[in-house]
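Residues per chain, in single letters:
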Amino acid sequence: MSLEQAKAVTERQPANVDAWKILGAHLSDADRLQEAKEALEKACQLDTRDCETLALLGQVEYKLGYADRALEFLSRAVEVNRDYARAHHYLGYIYHNSAQQDKALYHCEIADRLQPNVYETLNTKGNVLVALSRQREAVDVFRKAISLRPKSYYAWNNLANAEKDLGRLNEALSNYEKASCLAPEYPGPFSNIITTSHYLPDIKKEEITKLCKKWNKLFGLANVNRPETSKYKGKCLRIGLISDGFRGHPVGRMVTSAVEEIVKGPIEFYFYSTSSASDYLTTRLQKISSSWAFVEQLNDSELADKIRRDEIDILIDMAGHNAGNRMLTMAMQPAPLLVKWVGGLINTTGIEAIDYLITDSVETPPGCDTEYVENLIRMPDDYICYDPPHAYTPDVVDLPANRNGYLTFGCFNNAIKINEVLLKHWVDILVNIPNARLYLKSHQYSNSEVAEKITSFLEGEGIAHERVLIEGPSSHAELLQCYNNVDIALDPWPYSGGLTTCEALLMGVPVITYPGPTFAGRHSASHLINAGLPELVANNWEHYKQLAVDLASDLESLSVIRRNLRSQLKSSPVCDAPRFAKHFTTVMRAIWQRYCEDKAPAALTFNKEGEAWFEGESQPVEIVNAELLLESEKENDFQWKFSGKIIALDNGAKLLQDSGFDGLRALDTFAVVGFDPVSRISNPQRFEGSEDVQLFPHAVLGNGQPATLYACLSPEMGSTLHPLPPEQLPEEKRPGAQVLTTLPINTITLDSIEGLQSLDWLILDDLSDSMVVLEHGEKALRETLLIQARVAFQPTHERQPNLTEISHWMSRHGFRFYRLNDLAHRSHLPVRDDLQGYQATELESADALFLPSHERLAKLDDNQKTKLAFLLHTIYSVKDITYSLIASVDSEKAERYLRAEGIVAINDAESEAIESKNSQGKVQSSYEFDDTISQDIDRLMNSH
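From a predicted model like this one, the values you see are computed outputs, not experimental measurements. (Residues numbered from 1 in each chain as written. Predicted model: local features only at pLDDT ≥ 70, side-chain atom pairs only at ≥ 80, totals over all residues. Heavy atoms only, no water.)

### What to know about the sheet that holds strand E22 (residues 786-792)
And step 1. The seven strands are arranged E17-E16-E15-E21-E22-E24-E23 in an open sheet whose pairing can be described as mixed. With partners counted over all chains shown, the strands left at the sheet margins are strand E17 (693-697) and strand E23 (815-826), one partner each. In this sheet, neighbouring strand axes are inclined to one another by 15° on average, regardless of whether the strands run parallel or antiparallel.
And step 2. In this sheet, strand E21 (residues 761-764) lies alongside strand E15 (residues 646-651) in parallel orientation, the contact comprising four bridges. Bridge pairing links Ala 648 to Trp 761 in E21. (Pairing = 2+ DSSP bridges. Helix = DSSP H or I, 4+ residues; strand = E, 2+ residues; numbered from the N terminus. Axes fitted to C-alpha atoms, helices over the stretch in contact; angles between N-to-C directions.)

Quick look at the structure:
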């Protein structure tokens, strides 16, 4: 049945489940996802236990970017039918992409057992095994997949990934080439060839450079029109960042502290994360982002379209040809300027569309520019800014050699970087220092094949097995602790360490490096030189080995180095975020000004005075002081200013679900405590460790007693209130109100949250007993500025709050009804394609807003009045009461507010300036959550 046929059947037979299901499947295949969701929801209402419909809904939700909802529907599908292999496979796929590998493997193995020899299942299972460092098993799985479809490139590419991790680099290259030949239109395998070639010591630099540049010949796009954004030199620059590393990853650890400093100026960042994994670094970056999008589910063209819609001025790639690769998106040129920075930065990208590449004079020494298709921006110091993990960095202990009686050389780099050329030189060092040990650590060593390959080679060279310690993966904190057993670190070659080198220095361990022939081989040299340790950078192999012997022969000096190395690193440019931010901002301004002047991109270098020079220019760039310019152009501007953040309690997590919430967070003026009883929040992990959002899932405000959660067929109907009987509900709501299960849930009283110093804004949904919340919150609400209570005018649940009851409570406790907001109406017209107009007249629900009574309003202090004015202005677009409140504090400031809002006449220049400032400026406020709030709520939740 085709899409059109399925649609016709649903019109003739609206109760035909199969027709709605088939229609939803066709719409999903056509990427008409919202329509697909609506069709499948209709099918689900008609048959709540159709596992195929549930699984299709899960797939659609995932494509829409809602992984949590997808997992919910797919889990329900396998509850209905435990033998539904496809649903198990898709669960495994989503868990894999969310970095929950144990759960992923569980479902993949069930799917494989139920339906053996399914190509897609085998590929997902193999990828999960690779992520679990079980590459040898993965190789067998991928070979089985290849036997099923030998002409499909995907399994060949995956097999090569597993072989690369096992150190079988030549075999990996061969299979990447096989994959590339089978699917020459897909750039992924070719990017993997480029990356893998940098690990092989016998491939010449010229060959690798030629290979990189070949990418553009194969996949570069001709006649692409770049978008144009406003060419204003002093504008607040909108910079887009693409990566899968906005977390505990080399990218996250090398940029976070710098980005946090950069946003203090007139620059805003739009993050495009190609990974749904997140941690505390993700939270830090989200906090300073102007926009955050998980884009893993978008293809390259869809991502490019999104970037164009976001009107990005400068787009920076931070993945390269590595994992999360979006080189094709970059080739589509979705922004006026394209830049390559840290993240898979190992050489020229080869993509001629990319205008600039951020580097330094060590990574790219003078004279190498012709090897790059990009114009090189040489930073005055290191091209990265290392951010040590302050929360769990171990203390540096005394030199291990003093307690062990022997010296330990270590290398905690990726095992792929270890090759026989390198090992032979390490053997020479170990022979020169007969009692020295070698300590290797990497996640690949959990595969015995990788470890045995190294030990057998070393034994063949005369190094006894007991002189070599090889360990597999650890947590990051444990890995850093292991440096307390290392005296000297040996850098690999030809692909050097990067983050690993910084971590060794942080733990007091000096690193000896011999730079490799490409950008990938010079990371350590850059970090060491910029940390003030150029003497550890060797000129050749003999120098490398001599440095190791010399350091090992003077334990007293080595001890002194160890004691001082951490402070030396932290005080160097390698970790100087404000210094890096200043230079980075200069770079962004310089290339933007050049773009505004219609000049072609050119190489950029800093002189000793910190001035930036473009190649071919006789004078340094005169950087526009954007902050000063914006201020001078906007002297009539109105600015919000108050002390403390606005504290909000969101019962039902309505605010946290709002599409504009990320923009609200970017203002840095709100601190929100959210209760999400039915887990409506997608990707709640993004709030973990946040200083401005505390989310409590499966909890709700109430009377402090255990309650019941009614989980309904339609997630929107889930509530701590029981749904009304079907005959009391509109027909379209009856199927979704079916209760699937009941769950116990804890409730918390407002007055029991002792750590809550103030509460400015209370948000109540209509799916909880709001009257109970209010009656147990009299103390907490005494100084509250605004209460927003959702009122159901057409009830759907028992004990839903009504306007009369709530208004009566408010009038007795110092509040007055202000107005209704966000009205929702129901239409009684049929759902048909031939309707020429639409009308919905029956009021179903609305937010009732309550302000302090006139008597209490007059007693508010100036800061409270300003906070309330800001709330009304920012959240509800209210201007008249906002003006009145400001005027009661400062009449002159109130006049500036009228001008800024265009309520009174101003000239064009003032208008443009005010609009620009309002979109760029941040409110001056400061507040940190009192940790006792979180602790107190946890205590209350666990008290039952």
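Once the structure has been displayed, the description carries forward.
### A closer look at the sheet that holds strand E20 (residues 739-748)
And step 1. The strand order across the open sheet formed by three strands is E18-E20-E19, and the pairing between neighbours is mixed. Every other strand in the sheet has two partners, leaving strand E18 (699-701) and strand E19 (707-712) as the edge strands with one partner each. Taking each pair of neighbouring strands and ignoring which way they run, the sheet shows an average axis angle of 50°.
And step 2. In the sheet, E19 pairs with E20 via six bridges, with the strands oriented antiparallel. Within E20, the position partnered with Ala 707 by the bridge is Ile 745.

### So, the packing of helix H4 (residues 51-63) against helix H6 (residues 85-97)
And step 1. For the pair H4 and H6, the least separation of the axes is 10 Å and the interaxial angle reads 20°. Classified by the angle their axes make, H4 and H6 are roughly parallel. The chirality of how H4 crosses H6 is left-handed. Along the contact surface, H4 presents Ala 55, Gly 58, Gln 59 and Tyr 62, while H6 presents Arg 86, Ala 87, Tyr 90, Tyr 93, Ile 94 and Asn 97.
And step 2. The residue makeup of the contact of H4 with H6, split by class, is six nonpolar, three polar and one charged. (Parallel < 35°, antiparallel > 145°, perpendicular 65-115°, else oblique. Left-handed = near helix turned anticlockwise from the far one by under 90°. Contact = heavy atoms within 4.5 Å. Nonpolar A, V, L, I, M, F, W, Y, C, P; charged D, E, K, R; others polar.)

### Considerations on the UniProt feature "repeat: TPR" (unreviewed entry) in the protein chain
And step 1. The feature "repeat: TPR" (unreviewed entry), as annotated in UniProt, sits at residues 17-50, 51-84, 119-152 and 153-186 in this numbering.
And step 2. Taken end to end, residues 119-152 is 79% helix and 0% strand, and its first and last C-alpha atoms sit 10 Å apart.
And step 3. Here residues 153-186 is 79% helix and 0% strand, with 9 Å between the C-alpha atoms at its ends. (UniProt positions renumbered as here; feature names shortened; annotations may be inferred.)

### Structural notes on the nonpolar core
As a rule of thumb, soluble globular proteins bury nonpolar side chains together.
And step 1. Membership of the largest hydrophobic core comes to 174 residues, with the highest contact counts inside it found for Phe 409, Trp 426 and Met 588.
And step 2. Core analysis: the second largest hydrophobic core is formed by 41 residues, Tyr 176, Ile 242, Ile 307 and Ile 312 among them. (Core = buried A, V, L, I, M, F, W, Y, C linked by side-chain atoms within 4.5 Å. Buried < 20%, exposed > 50% of the residue type's maximum accessible area, 1.4 Å probe, protein only.)

### Some details on the pattern of salt bridges
And step 1. In this structure the tally under the stated criterion is 42 salt bridges.
And step 2. Note that Asp 317 and Lys 340 form a salt bridge whose closest N and O atoms lie 3.3 Å from each other. Of this pair, Asp 317 sits in strand E4 (residues 314-317) while Lys 340 sits in strand E5 (residues 337-340), placing them 23 residues apart in sequence.
And step 3. Asp 317 gets classed as buried once you look at its relative accessible area, which sits at 0%.
And step 4. Among the salt bridges present, the one from Glu 617 reaches Lys 599, with a minimum N-O distance of 3.7 Å. Within this pair, whereas Glu 617 is found in the loop between strand E14 (612-614) and helix H27 (626-633), its partner Lys 599 is found in the loop between helix H26 (577-596) and strand E13 (604-606), the two being separated by 18 residues in sequence.
And step 5. Of the residues examined, Glu 617 reaches a relative accessible area of 32% and is grouped as partly exposed.
And step 6. Looking at Lys 599, the relative accessible area reads 37%, which means it is partly exposed.
And step 7. Connected via shared salt-bridge partners are Lys 233, Arg 594, Glu 597, Lys 599 and Glu 617. (Salt bridge = Lys/Arg side-chain N within 4 Å of Asp/Glu carboxyl O.)

### Side note on the side chain of Arg 378
And step 1. Inspection of the secondary structure puts Arg 378 in strand E7 (residues 375-379).
And step 2. Polar side-chain contacts of Arg 378 include one of 3.4 Å to the backbone oxygen of Pro 365.
And step 3. Within polar-contact distance, the side chain of Arg 378 engages the side chain of Asp 369 at 2.7 Å.
And step 4. The contact partners of Arg 378, leaving out residues within four places of it in the chain, are Thr 359, Asp 360, Ser 361, Thr 364, Pro 365, Pro 366, Cys 368, Asp 369, Leu 604, Thr 605 and Phe 606. (Polar contact = N/O pair within 3.5 Å; in protein donor to acceptor, adjacent residues only side chain to side chain.)

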